[in-house]
Amino acid sequence: MEPLCDYSIDGTLNGYHYKGNGQVYLAMVHRLEEIPPYSEMGEIGLFDSLPEELTYPILRDYFPIAEERLRSKTAVKENL
């Protein structure tokens, strides 16, 4: 896992007020297993693109950072 950025939110989107902070990470997943019962995740899904329905839609702006990092890592790997 690689930390990409920290974020802090205090704003309203679609009638919902969001306030908090956290971090965005890039993780290269090689194997999926069952979600532990104590996890905050409800389900795991594999997608070709970012789904429209997100738990925290206001974080959508941070995903291009992860996508760019993934593209640059893939380019480096292909040139080895």
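Here's what I pulled together on the structure shown here. Predicted model, so just to flag it, every value in this text is computed and none were measured.

## With respect to the overall build of the protein chain
On a plain count of helices and strands, the protein chain comes out with 1 helix and 2 strands. Helices and strands in the protein chain line up, N terminus first, as β-β-α. Since a compact globule built from 80 residues should have a radius of gyration of about 12 Å, the 15 Å found for the protein chain marks it as more spread out than a globular shape. Taken along the three principal axes of its C-alpha coordinates, the protein chain extends 45 × 30 × 20 Å. Per-residue burial for the protein chain yields a buried fraction of 14% across its 80 residues. If you take every contact in the protein chain between residues at least 6 apart in sequence, the share linking residues at least 24 apart comes to 42%. Accessible surface, the protein chain as shown: approximately 7300 Å² in total, 52% of it carbon and sulfur. Looking at the protein chain, you have 7 positive and 14 negative side-chain charges, and the mean spots of the two groups are 7 Å apart.

## Here we look at the nonpolar core
Counting residues in hydrophobic clusters, the biggest one holds 9 residues: Leu4, Cys5, Tyr7, Ile9, Tyr18, Val24, Leu26, Leu59 and Ala66. Put simply, the parts of the chain that give this core at least two residues each are β1 (2-13) and β2 (16-26). If you tally residues by element for this core, the top one is β1, at 4 residues.

## Describing the environment of Ile35
Among the structural elements, Ile35 can be located in the loop between β2 and α1 (63-78). Taking relative accessible area as the criterion, Ile35 reaches 27% and is therefore assigned partly exposed. Beyond its immediate sequence surroundings of up to four residues, Ile35 is in contact with Met41, Gly42, Glu43 and Ile44.

## A closer look at the pattern of salt bridges
Should the charged atoms of two oppositely charged side chains come close, the side chains can pair. Taken as a whole, this structure holds 1 salt bridge when the rule is applied. Salt-bridge contacts for Glu33 lead to Arg31; the nearest nitrogen and oxygen are separated by 2.8 Å.

## What about a nonpolar patch on the surface?
Judged by side-chain polarity, Val29, Leu32, Ile44 and Leu46 come together as a nonpolar surface patch covering roughly 420 Å² of accessible area. Position of Leu32 relative to the elements: it lies in the loop between β2 and α1. The partly exposed category is assigned to Leu32, whose relative accessible area is 47%.

## Observations regarding the pairing of β1
One ladder, built from 11 bridges, connects β1 with β2; its direction is antiparallel. Note that in β2 the partner of Asp6 across the bridge is Gln23. From the end of β1 to the start of β2, which pair antiparallel, there are 2 residues, and Asn14 there has a positive phi angle of about 50°.

Conventions we followed
- Position numbers for residues start from 1 in each chain and track the written sequence from start to end.
- With the structure being a predicted model, the display of local features is reserved for residues of pLDDT at least 70 and the display and counting of side-chain atom pairs for 80 or more, all residues being used for whole-chain, interface and lining totals.
- The side-chain numbers reported here are obtained from all heavy atoms of the structure, hydrogens and water having been left aside.
- By definition, any uninterrupted DSSP run of H or I lasting at least four residues is a helix, any uninterrupted run of E lasting at least two residues is a strand, and each is numbered from the N terminus.
- Here the radius of gyration uses the C-alpha set of atoms, whereas the globule reference equals 2.2 Å times the residue count to the power 0.38.
- Buried residues are those whose accessible area, probed at 1.4 Å on protein chains only, stays under 20% of the maximum for their type, while exposed residues exceed 50% and partly exposed ones sit between those limits.
- Residue contacts are counted whenever heavy atoms from the two residues lie within 4.5 Å of one another.
- The accessible surface values rely on the Shrake-Rupley method and a 1.4 Å probe; as for residues, cover is taken only from the protein chains in view.
- This count recognises Lys and Arg as positive and Asp and Glu as negative, with His and chain-terminal groups excluded.
- The atoms used to mark charge sites are NZ of Lys, CZ of Arg, CG of Asp and CD of Glu.
- Joining through side-chain atoms within 4.5 Å is the link that ties buried Ala, Val, Leu, Ile, Met, Phe, Trp, Tyr and Cys residues into a set, and such a set is a nonpolar core.
- Between Lys or Arg on one side and Asp or Glu on the other, a salt bridge is scored when a side-chain nitrogen of the former is within 4 Å of a carboxyl oxygen of the latter.
- Here a patch means residues that are over 30% exposed by relative accessible area and free of salt bridges, tied together within 9 Å if like-charged and within 5 Å if nonpolar (Val, Leu, Ile, Met, Phe, Trp, Tyr).
- Paired strands, in this sense, are two strands between which DSSP finds at least two bridges.

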